[in-house]
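# Breakdown of the fold
Here's the letter readout for the chains.
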Amino acid sequence: MDFNYKRRLTTAVKVGNTVIGGTNPIRLQSMTNTSTMDTEGSVEQVKQIVEAGADIVRLTAQGIREAENMGQIRSALRDSGYDVPLVADIHFNPKAAFVAAEKVEKVRINPGNFVDPGRTFKKIEFTDEEYADELKRLENALVPFYETCRKNGTAVRIGVNHGSLSDRIMSRYGDTPAGMVESAMEFLRVAGKIDFNDIVISIKASNTTVMVETVRRLVKAMDAEGMSHPLHLGVTEAGDGEDGRVKSAIGIGTLLADGIGDTIRVSLSEAPEKEVPVAKELRDYIAGRENAPYIKGCVSDKFDKICPKRRITRRVGCVGGGQVPVVVGSGCKPDSSEEPAPDIFGTESFIVHDTSEGIEKLVEKASNNQDCVLLITTSHINPVGAIRSAIHGLIQADIDNPVIVKLHYAGDGIEDWQVRVRAAADFGALLLDGITDGIMIDTDILSEADGIKLAFSILQGTRSRITRPEYIACPGCGRTMFDLQTTLAEVKKATCHLKGLKIGVMGCIVNGPGEMADADYGYVGAGIGKVSLYRGKECVERNIPQENAISRLIDLLKHDGVWCDK
């Protein structure tokens with residue numbers, strides 16, 4: 001971690017006519033939600049995604065038929081003048097991966113199910129010798145695939161997802177960031193043995209804290225073994241609307257601010273072309289920090305760069321001392337009917353500090369006002385770096401005043417959704433670092449009420465403070481069994497008052513049960529017009545007619561004692 005923005009230098013990987021990594025721009029991606037057997041529909045959707053600004057487009061390939069048909073889709077696109085690289089998304093079907101390697105520019109495989117069988121959440125005991133045999137089996141299956149890709153000039157994406165770690169990895173490492181990293185490293189070490197380097201890695205989770213920690217751990221592990229593969233960033237199952245944009249911006253934006261990331265996808269439960277402007281805004285906003293004025297300061301040796309802990313502060317009123325982070329309003333108390341309401345109004349009682357005054361001045365102010373809250377603000381083009389530098393100065397000087405961060409977003413032609421994305425990226429990084437006890441969003445673009453609502457969304461997205469349900473919803477693809485956007489809206493309408501509950505809404509059973517394993521309850525497409533309900537990892541009702549599924553979900557919540565009326 002450094003306070004000044006600088007991208008991590010990675011190996012350049014050619015994907016068709018597009019290069020990921022190296023000194024190339026951060027590439028933007030999205031994924032179709034059409035059936036891959038629908039050639040015409042898939043071609044049209046790829047075109048829409050490209051017109052929105054995507055550099056690369058992914059399609060699902062459940063089987064050999066779909067992998068074969070991606071060749072037809074590719075040909076139709078080329079005939080129409082679209083030379084965009086295509087990626088085949090493979091799960092549970094290595095044979096389809098071999099076919100796809102001959103048809104498209106890149107193949108995504110999931111270490112959780114490419115060689116190992118699908119996850120069953122069963123504990124398996126291995127001796128060291130037995131585990132070594134498993135790794136040899138993995139190598140024997142992987143090498144022919146890598147060689148096929150080498151022969152055809154096809155790149156590979158090794159895509160680890162938190163919810164689809166194999167039982168083998170889970171049994172040895174647990175459901176942990178360390179397990180996710182090892183899952184990726186096993187596949188990278190095999191590639192290294194045969195000098196196959198056309199690899200991009202993704203390592204994703206729906207929990208932004210887990211996602212950020214895991215990617216940082218992966219970078220550290222690769223550095224230790226002399227690897228510099230480019231990274232694909234994304235938050236899985238982020239959902240839709242403001243929630244999906246905020247959650248994605250928190251995870252992706254935090255890592256981009258660290259200089260990590262070579263290609264990104266914002267996964268929204270919406271039309272795929274709507275993902276691309278959000279990804280572009282994140283990329284361009286963070287990239288604007290390049291060549292910014294130098295930020296002085298040193299990362300405190302008391303700070304864990306990989307898995308930060310919340311800074312220990314004294315309690316001043318409702319701020320600090322281990323209390324949940326607060327939301328500060330601009331000064332005028334809104335109508336009492338408005339929800340949510342800020343915790344604090346106005347800034348008169350704070351010791352205000354602008355980072356341009358320097359760290360020494362901040363330490364002096366804090367030392368002379370030990371029972372006050374510090375309100376730190378900045379006008380630096382790299383607000384995350386400037387705020388980090390200031391607070392690391394406090395950490396190193398053993399200053400324990402609580403801190404509230406205030407950032408201003410000017411109306412320089414940006415739209416309200418862009419403010420939401422920028423604020424989520426900035427405040428998300430500071431909250432995940434654990435270095436702020438409260439946030440204040442200052443802007444004339446959003447109303448006071450919308451700014452406060454956004455602040456609570458950011459706290460929720462970082463899991464710093466839970467004030468409503470969390471929805472873990474996939475973006476949809478060709479495997480989706482129902483209208484995902486409509487279904488998600490209906491589930492939200494029925495359950496939006498259940499504070500703190502995590503509900504998964506997943507389009508299919510291929511990855512749904514695994515990817516929503518962090519959820520308390522799950523609503524998963526089981527077939528055309530059929531839904532299965534989950535309690536955690538356990539399927540409790542199978543193949544319910546979709547028209548009855550939400551009422552049965554409510555019945556399940558009532559049975560478990562977690563339901564309350566609105």
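Conventions we followed
Along each chain, residues carry numbers from 1 onward, in the same order as the chain's sequence is written. Residue-level local features of this predicted model are given only where pLDDT is at least 70; pairs of side-chain atoms are given and counted only at 80 or more, and the full residue set underlies all totals for whole chains, interfaces and linings. The basis for the side-chain values is all heavy atoms of the structure; hydrogens and waters are excluded. Numbered from the N terminus, helices here are DSSP runs of H or I no shorter than four residues, and strands are runs of E no shorter than two. Residue count minus one, scaled by 1.5 Å, sets the expected span of a helix. Categorising residues by exposure relies on relative accessible area from a 1.4 Å probe, with only protein chains included: less than 20% of the type maximum marks a residue as buried, more than 50% marks it as exposed, and the intermediate range marks it as partly exposed. Side-chain rings of Phe, Tyr and Trp, where Trp is taken by its six-membered ring, are said to pair if the distance between their centres is within 6.5 Å; with planes under 30 degrees apart they count as stacked, over 60 as edge-to-face, and otherwise as tilted. For a ring to carry a charge above it, either NZ of a lysine or CZ of an arginine must fall within 6 Å of the ring centroid while also lying within 35 degrees of the normal to the ring plane. Paired strands, in this sense, are two strands between which DSSP finds at least two bridges. By definition, residues are in contact when any of their heavy atoms lie within 4.5 Å. Inter-axis angles, ranging from 0 to 180 degrees, are taken between N-to-C directions of lines fitted to C-alpha atoms, where helices are fitted over the stretch in contact. For this classification, under 35 degrees means roughly parallel, over 145 means roughly antiparallel, 65 to 115 means roughly perpendicular, and everything else is oblique. Here a crossing is taken to be left-handed if its near helix is turned anticlockwise relative to the far helix by less than a right angle, and right-handed if that turn runs clockwise. Side-chain classes follow a simple rule in which Ala, Val, Leu, Ile, Met, Phe, Trp, Tyr, Cys and Pro form the nonpolar group, Asp, Glu, Lys and Arg form the charged group, and the remainder, Gly included, forms the polar group.

## Describing helix H9 (residues 275-287)
An ideal rise of 1.5 Å per residue puts 18 Å on 13 residues; H9 measures up with 18 Å between its terminal C-alpha atoms. Of the positions making up H9, those classed as buried are Glu275, Val276, Val278, Ala279, Glu281, Leu282, Arg283, Tyr285 and Ile286.

## Focus on the environment of Arg65
Looking at where Arg65 falls in the secondary structure, it is placed in helix H2 (residues 64-79). Residue class for Arg65 comes out exposed when judged on its relative accessible area of 56%. Separated by 291 residues in sequence, Arg65 and Ser356 have C-alpha atoms that sit 60 Å apart.

## What about the packing of aromatic side chains?
Under the counting rule described, the total for this entry stands at five aromatic pairs. Measuring from ring centre to ring centre gives 5.3 Å for Phe114 and Phe145, while their planes differ by 50°; the resulting arrangement is tilted. Separated by 31 residues along the polypeptide, Phe114 in the loop between strand E6 (106-109) and helix H4 (128-152) and Phe145 in helix H4 bring together distant segments of the chain. A relative accessible area of 0% places Phe145 in the buried class. Ring centres 5.6 Å apart and planes at 85° place the aromatic pair Phe126 and Tyr131 in the edge-to-face group. We classify Phe126 as partly exposed; its relative accessible area is 22%. Taken together through their ring pairs, the aromatic side chains of Phe98, Phe114, Phe145, Tyr146 and Phe196 make up a single cluster. For the cation-ring pair, Arg172 lies above Tyr131, with the distance from its terminal atom to the ring centre recorded as 4.1 Å. Above the face of the Tyr285 ring, Arg289 is positioned so that its terminal group lies 5.0 Å from the ring centre.

## Digging into the sheet that holds strand E10 (residues 263-264)
Spatially, eight strands are ordered E3-E4-E5-E6-E7-E8-E9-E10 in a closed barrel, and the strand pairing comes out parallel. Here strand E9 (residues 231-233) pairs with E10 via two bridges, running parallel. Counterpart to Leu233 in the pairing with E10 is Ile264. Across the face of the sheet, H9 comes into contact with strand E3 (27-31) and E10 while running at roughly 160° to E3.

## Observations regarding the packing of helix H1 (residues 39-51) against H2
At a minimum axis distance of 9 Å, the contact between H1 and H2 shows a crossing angle of 55°. Considered as vectors, H1 and H2 are oriented oblique to each other. Judged by the sense of rotation from one axis to the other, the crossing of H1 with H2 is right-handed. From H1, Thr39, Ser42, Val43, Val46 and Lys47 reach across to H2, where they touch Asn69, Gln72, Ile73, Ala76 and Leu77. In terms of residue class, the contact of H1 with H2 is built from five nonpolar, four polar and one charged.

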